[in-house]
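As a plain string of letters, each chain reads:
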Amino acid sequence: SASVRITHRGGLHARPAALVRKTAQGFSSQSQLHFAGKSASCASLIGLMGLGIGEQDEVQVTCLGKDCDAALQALVAALSVTTHEHEQAPVIVTARPLNTEAGVLQGVCAAPGLVCGPLLRLHTIELPQDPGNHMREEQLQHLDSALEQVRGEIRNTLEHARQRKAVEEEEIFAAHLALLEDPTLLEAATAAIEHGSAATHAWRDAIQAQCAVLLGLGKPLFAERANDLRDLQQRVLRALLGEAWQFQMPAGAIVVAHELTPSDLLQLSAQNAAGICMAEGGATSHVAILARGKGMPCVVALGSAVLEVPQGQRVVLDAGNGRLELTPDDARHAQVHQIREAQQQRRQQQQAQAQAAASTLDGVGIEVAANVASSSEAQIALANGADGVGLLRTEFLFVDRRTAPDEQEQRQAYQAVLDAMGDKSVIIRTIDVGGDKQLDYLPLPAEANPVLGLRGIRMAQVRPELLDQQLRALLQVCPLQRCRILLPMVSEVDELLHIRQRLDQLCAELELTQRPELGVMIEVPAAALMAEQLAEHADFLSIGTNDLSQYTLAMDRDHAGLAARVDALHPALLRLIAQTCIGAAKHGRWVGVCGALASDPLATPVLVGLGVRELSVSPPQIAEIKDRVRHLDAAQCRQLSQGLLDLSSARAVRQACQHHWPLS
Ligand code: PEP
Ligand code: MG
């Protein structure tokens, strides 16, 4: 047995609990977690969640069986890592803001957008009283086949998510699949059937009992997971009742419900709902994450009044501002249509120009490249007009597997990205694990402060054979001139010199006459302050604003409570970006930005003004960022951005940007 402190954000809720369960499944030993006088088997997701383990809680793990040592080690690693959170900053919900405007309900934005349409209220399935005394065998079989049907549906959803690389969607439904196989639920439902219950009622009661446990823990993140259980309740009930799973709704409806579930959302999106509103729910819920991923406007926490709006009433959902307008007049409707048409037209125009290179009005060329995690994303990026790949995060190429990729497999994966990009160049970052990014096949020792520990290039210093293998694979891609290598988390010149030397040795071993360009990520303040010295030996610099914000502001980039303040437009970061560009220019090197700030159109003029010449953005943003560049005067950007360095906060910088370079 061992004791571990939980570092998963928000504690051991559905997704981290699913990781623990998956890890335990890889061993024959029986494993259990013990916390606050209660115990749960690692085979049961519900049991694990029911322990109510919060972030920073200390738990005991016990393993019993032939491979208990290995199981214990793997479980300790799984419990002490932080799950990778995604680039999009979570929206924080505290309390429902008050809005006293007549005819307007105020909630909280979970996914922005402005839409209008008829309102459609969805109801959950209500079961009649159960007369009891059912045939045990028949009901068990009913439940079995309903469960199998839903499992099949979820596996399909998972497969589609996997193909689209929709990581969050995949994680959410993988947790649903695990819940559906949960022994606690199945045992409770089976026991009720043994006592004469109908399969429908047995399933509903088993779910409701577990929902009550989660709600009783008094922790919001766990309470939100009760919604995932209700999702499975509805799905299995629909299968048991033989209901075709399709909502009766006109396309373009704005759907209202007490609370929607993740699978409702996917179905509503497939049926072209215009937007969704919920009386309850939180913006960190799985439904909210999915809505943002689908670009479907969504407002949560509108209160029960939203459930009383008559069916079919025409409403306007201004999700960005968390507003549901209940009685918009014809003029407001016309205005919403006009705004949407103008947005669509603008998007089409931008898309039509996306393949052309972008320069400012005064002729400064800005390369707009893409951040990708796979060759299929690279294909999408090229189709969207990417001038190249500005960041391939190689650690995401081989997630979800228990064995490390060998040299040959890595070479093929990198080659596939190069092939997908036509004749454009591809910047490939060496593996960046540690901190918030973990790989199943590469368990790292638990550290008190993993974000300040062995991550990025530092990991390669303790496991040099891993970096050697990756560099060798990279040196074998063809044509090598299109491949540039980028090093993450560099904080001093010696790190760069050491790897440059190693790269030269490997080139000699492989009888290569030319080595690929080697760049350095600027993502810790030390690197920005030393940009001039780094640029002397690097071919280019690429600023990772995600980590640079975290380390400059001393705010965890995944901290939900600080999300609104981890803003890369903070003047301190702008000063570091300016210093990086000045340092690079002394040696004639170019500077790019590959952190999320590059995808923010409000920041484009500032970055261009400070001297950045490459922006690596998420593929759907390419057209918009190129369009933004084409409307800028670089000389004016240079002059105005200097003034921003003296402002006092990120908020002041954002206001000034809006003033100088308004976003229409
Ligand atoms: C960054 O830190 O800005 C960056 C691009 O790297 P990652 O988000 O992968 O840490
Ligand atoms: Mg980073």
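No experiment lies behind these values; they were computed from the predicted model shown. (Residues numbered from 1 in each chain as written. Chains lettered and ligands numbered in written order. Predicted model: local features only at pLDDT ≥ 70, side-chain atom pairs only at ≥ 80, totals over all residues. Heavy atoms only, no water.)

Draft legend 1. Region of the structure containing the overall build of the chain. Scanning the chain for helices and strands turns up 24 helices and 21 strands. Positive and negative side-chain charges in the chain, numbering 57 and 76 respectively, have mean positions lying 3 Å apart. (Helix = DSSP H or I, 4+ residues; strand = E, 2+ residues; numbered from the N terminus. Lys, Arg positive; Asp, Glu negative; His and termini not counted. Charge placed at Lys NZ, Arg CZ, Asp CG, Glu CD.)

Draft legend 2. Structural context of the confidence of the model for the chain. Looking at the chain as a whole, the pLDDT averages 89, with 94% of positions reaching at least 70. Taken together, the stretch residues 84–96 has pLDDT below 50 and engages in 33 contacts with residues farther than four places along the chain or on a different chain. (pLDDT = per-residue confidence, 0-100. Contact = heavy atoms within 4.5 Å.)

Draft legend 3. Fine view of the site of ligand 1. Residues in close proximity to ligand 1 total 14 residues, the closest being Arg393, Arg429, Gly544, Asn546 and Arg557. Between ligand 1 and the protein, one listed contact pairs an oxygen atom with a backbone N or O atom of threonine 545 at 3.1 Å. Compared with its free state, where it exposes 290 Å², ligand 1 has 100% of that area covered by protein. The dominant element in the shell around ligand 1, judged by the number of residues it contributes, is helix α19 (residues 545–553), at three residues. Here the residues of the shell around ligand 1 are counted per class, giving three nonpolar, four polar and seven charged. (Near = heavy atom within 4 Å. Polar contact = N/O pair within 3.5 Å; in protein donor to acceptor, adjacent residues only side chain to side chain. Areas by Shrake-Rupley, 256 points an atom, 1.4 Å probe, with all protein chains shown as cover. Nonpolar A, V, L, I, M, F, W, Y, C, P; charged D, E, K, R; others polar.)

Draft legend 4. Spatial organisation of the sheet that holds strand β5 (residues 104–106). Ordered in space as β5-β12-β11-β7-β8-β9-β10-β6, the eight strands form an open sheet in which the pairing is mixed. Each edge of the open sheet carries a strand with a single partner, namely β5 and β6 (108–111). Mean inter-strand twist for the sheet, computed between neighbouring axes without regard to direction, equals 30°. Note that strand β8 (residues 254–257) and strand β9 (residues 275–278) share four bridges and pair parallel. Within the sheet, the bridge partner assigned to alanine 257 lies in β9 and is methionine 278. Helix α10 (residues 286–294) contacts β6, β9 and β10 (298–300) of the sheet and is inclined by roughly 60° relative to β6. (Pairing = 2+ DSSP bridges. Axes fitted to C-alpha atoms, helices over the stretch in contact; angles between N-to-C directions.)

Draft legend 5. Structural detail: the pattern of salt bridges. Across all of its chains, the model carries 32 salt bridges by this definition. Across the pair aspartate 432 and arginine 455 runs a salt bridge whose closest N-O atoms are separated by 3.3 Å. Of this pair, aspartate 432 sits in the loop between β16 (425–429) and α14 (457–462) while arginine 455 is found in the loop between β16 and α14, placing the two residues 23 residues apart along the sequence. Here aspartate 432 falls in the buried class, since its relative accessible area comes to 0%. Overall, the relative accessible area of 0% leaves arginine 455 in the buried class. The residue arginine 515 makes a salt bridge to aspartate 504 at a minimum N-O spacing of 3.2 Å. Here arginine 515 is found in the loop between α16 (493–509) and β18 (518–522), whereas its partner aspartate 504 is found in helix α16, with 11 residues between them in sequence. (Salt bridge = Lys/Arg side-chain N within 4 Å of Asp/Glu carboxyl O. Buried < 20%, exposed > 50% of the residue type's maximum accessible area, 1.4 Å probe, protein only.)

Draft legend 6. Geometry of the coordination of the magnesium ion (ligand 2). Taken together, Glu523 (OE) and Asp547 (OD) make up the protein donors of the magnesium ion (ligand 2), found 2.1 to 2.2 Å from the metal. Placement of the pair is glutamate 523 in the loop between β18 and α17 (525–529) and aspartate 547 in helix α19, with a sequence separation of 24 residues. Here aspartate 547 falls in the buried class, since its relative accessible area comes to 2%. (Donors = N, O, S within 2.8 Å, 3.2 Å for Na, K, Ca; no water.)

Draft legend 7. Just helix α7 (residues 199–216), in detail. For α7, with 18 residues, the first-to-last C-alpha span of 26 Å sits near the 26 Å given by 1.5 Å per residue. The set of residues buried in α7 consists of Ala199, Thr200, His201, Ala202, Trp203, Ala206, Ile207, Gln210, Cys211 and Leu214. Tucked into the core, α7 has its buried residues touching α2 (45–50), α4 (136–163), α5 (167–180), α6 (183–194) and α8 (220–241). Of the residues flanking the end of α7, it is glycine 218, one or two places downstream, whose phi is positive at about 70°. (Expected span 1.5 Å × (residues − 1).)

Draft legend 8. Looking closely at the packing of α5 against helix α9 (residues 262–270). Close contact between α5 and α9 brings their axes to 11 Å; oriented N to C, the two are set at 130°. When the interaxial angle is binned, α5 and α9 end up oblique. Across the interface between the two elements, Glu169, Ile172, Phe173 and His176 of α5 pack against Pro262, Ser263 and Leu266 of α9. Of the residues belonging to the contact of α5 with α9, the class tally is four nonpolar, two polar and one charged. (Parallel < 35°, antiparallel > 145°, perpendicular 65-115°, else oblique.)

Draft legend 9. Representation of helix α3 (residues 68–79) within the structure. Given a rise of 1.5 Å per residue, 12 residues ought to cover 16 Å, and the 16 Å separating the end C-alpha atoms of α3 matches this to within 8%. All buried positions along α3 are accounted for by Ala71, Leu72, Leu75, Ala77, Ala78 and Leu79. Looking at the buried residues of α3, the elements they touch are β1 (2–5), α1 (14–25), β2 (30–35) and β4 (58–64).

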